[in-house]
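# Residue-level structural notes
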Amino acid sequence: MRDGILTGEGVVLDARPASFVTRALGAVIDLTAIGIVLFALLFAAAGSALDAVSPEFAPALWAVILVLVMVGIPTTVETLSRGRSLGKLAMGIRVVRDDGGPVRFRHAFIRALVGVGELWLTFGSVALIASLSNDKGKRVGDMLAGTYAIRVRGGRPTYAAISMPPYLAAWAVHTDMRKLPDGLALAVRQFLGRAATLNPASRVRIGQDLAGRIERYVAPGPPPGTPPEDFLCAVLAERRNRDWVTAQRGQQLAHEQGEMLHRLPYSVPDPRS
C-alpha cells in the first residue's frame, strides 16, 4: 500500500522511500554530529584519561571510545527515537522496518554496526553505491536489518473511523482473533481511513489483499459473501472492544489490590475510617 502508513503516534508516514538527496543530507548531519562527539571524547581522553592509563592499555581505551561513539550512540538514538536521529529529524525522514513498523534495538544495532564499515572506514562509498543500486535506497545496513528510510508527511494526526457492521457483530464476538503484526494492522487502519479517496479498482484490489492476509489470524472466517471492507472493519472494531475490556479489567484489579493494601489484617477496622 503506497498511500501511506499511520503510526501509533498518529503521524502519517509516506510509504515511498525518501529521496537520495534527503537521505544523504541527513547522513551528513548525523556523521558531523557524531564526529564532533568523537573528537570531544578523544580530546578529553588524550588530556586526562590516558595520563592515568598505562601505555599498553591505551589502544583498548581508544577502541572503547570508538565503539561507544560509532555504534553505541547511533543505536541508542535510533532505538529511543524510533528511527529519527538528528539528521533524519532535520530532513523530515524516519527509518522504519520493511513492514512499516517502528525499528527496535536489533534493527538500530545492525545498522550502526554495519555503518562502521560502509560509512566510516570507506568514507561512505559503499553506502553510496548500495543506495544508488537499490530501488528503496537501502544501504548495506538497511538490507541486513530489514529497514529503509521514508518521509514523514506530518500534519495533524488522522485516524480511521472504525465501526462494527451490525450484521457481523454476533460473528465477531465469538471469533478467535490472534494478535496482528504491527505493520499489517497499521496498513488496514490506514486503508479504511482512505478507502473513499482511492481509485475504485485499487480500492477493491487492496481491500481483497488485506482481507486475505487478515483472515489468517481469524477463526472461523467471516460469513460467505462478506465484503472485504466490512470484514476488516469488524476485525479492528472487535479487537478495539476487547482491548478496552481488558484495560478496564486491569484498572479494576489494580483498584481492588490498592484497596486491599490499605486495609489492616484480620479485619481490624482501619483507624482512618
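Residues numbered from 1 in each chain as written. Predicted model: local features only at pLDDT ≥ 70, side-chain atom pairs only at ≥ 80, totals over all residues. Heavy atoms only, no water.

The number of helices and strands found in the protein chain is 10 helices and six strands. Within the protein chain, buried positions represent 37% of all 273 residues. Taking the contacts inside the protein chain whose residues are at least 6 apart along the sequence as the reference set, 71% of them involve residues at least 24 apart. As displayed, the protein chain has an accessible area near 15900 Å², and 64% of this comes from carbon and sulfur atoms. (Helix = DSSP H or I, 4+ residues; strand = E, 2+ residues; numbered from the N terminus. Buried < 20%, exposed > 50% of the residue type's maximum accessible area, 1.4 Å probe, protein only. Contact = heavy atoms within 4.5 Å. Areas by Shrake-Rupley, 256 points an atom, 1.4 Å probe, with all protein chains shown as cover.)

With that out of the way, let us pick up the pairing of strand β3 (residues 93-97). Buried residues dominate β3, accounting for five of its five residues. The alternating pattern of β3 places Ile93, Val95 and Arg97 and Arg94 and Val96 on opposite faces, both of which are buried. Across five bridges, β3 lies against strand β4 (residues 147-152) in antiparallel orientation. In the strand pairing of β4, Val96 is matched with Tyr148. (Pairing = 2+ DSSP bridges.)

This next bit is on helix α9 (residues 200-214). For α9, built from 15 residues, the straight-helix expectation of 21 Å at 1.5 Å per residue is met to within 8% by its first-to-last C-alpha distance of 21 Å. Within α9 the residues assigned to the buried category are Ile206, Gly207, Leu210, Ala211 and Ile214. In a view along the axis of α9, the buried residues occupy a sector of 130°, so they form one face of it. Exposed and oriented more than 90 degrees from the buried face of α9 are Ala201, Arg205 and Gln208. If you check the start of α9, you find a side-chain oxygen 2.9 Å away from the backbone N of Ala201, and it comes from Asn199. (Expected span 1.5 Å × (residues − 1). Arc of directions from axis to C-beta. Polar contact = N/O pair within 3.5 Å; in protein donor to acceptor, adjacent residues only side chain to side chain.)

This part covers unusual backbone geometry. What you tend to see is this: most non-glycine residues have negative phi, and most peptide bonds are trans. The residue after Ala219, namely Pro220, is reached through a cis peptide bond having omega -5°. Along the chain, Pro220 turns up in the loop between β6 (218-219) and α10 (228-261). The phi dihedral of Phe123 falls on the positive side, at around 55°, and the residue is not glycine. Relative to the elements of secondary structure, Phe123 occurs in the loop between α4 (105-121) and α5 (125-133).

Chain-level pLDDT for the protein chain is 82 on average; 81% of the residues reach the 70-or-more range. Taking the mean pLDDT of every element in the protein chain, the minimum, 50, falls on strand β1 (residues 5-6) and the maximum, 94, on helix α6 (residues 140-145). Considering only residues more than four positions removed or in separate chains, one finds that residues 6-12, a stretch of pLDDT under 50, has 23 contacts. (pLDDT = per-residue confidence, 0-100.)

By the definition in use, this model includes nine salt bridges. Measuring nitrogen to oxygen at the nearest pair gives 3.5 Å for the salt bridge that ties Glu78 to Lys88. Here Lys88 lies in helix α3 (residues 86-91) and Glu78 lies in helix α2 (residues 58-81), a separation of 10 residues in the sequence. Lys88 sits in the buried class, given a relative accessible area of 10%. Notably, a salt bridge pairs Arg213 with Asp209, separated by 3.6 Å at the nearest N-O pair. Of the two residues, Arg213 and Asp209 both sit in helix α9, four residues apart, roughly one turn of that helix. Given a relative accessible area of 33%, Arg213 falls into the partly exposed group. Note on Asp209: relative accessible area 43%, which makes it partly exposed. (Salt bridge = Lys/Arg side-chain N within 4 Å of Asp/Glu carboxyl O.)

So, about the packing of aromatic side chains. Evaluation of the coordinates by the stated rule reveals two aromatic pairs. An angle of 15° between the planes, with centres 5.9 Å apart, marks the rings of Phe105 and Phe109 as stacked. With a gap of four residues between them, Phe105 and Phe109 both fall in helix α4, about one helical turn apart. For Phe109, a relative accessible area of 34% gives the class partly exposed. With 6.0 Å between their ring centres and 55° between their planes, Trp171 and Phe231 make a pair best called tilted. Here Trp171, found in helix α7 (residues 169-173), pairs with Phe231, found in helix α10; they are 60 residues apart in sequence, far enough to count as distant. Of the two residues examined, Trp171 and Phe231, each falls in the buried class. In this structure, Lys136 packs its charged tip against the face of Tyr148, placed 4.3 Å from the ring centre. (Phe/Tyr/Trp six-rings, centres within 6.5 Å; stacked < 30°, edge-to-face > 60°. Lys NZ or Arg CZ within 6 Å of the ring centre and 35° of its normal.)

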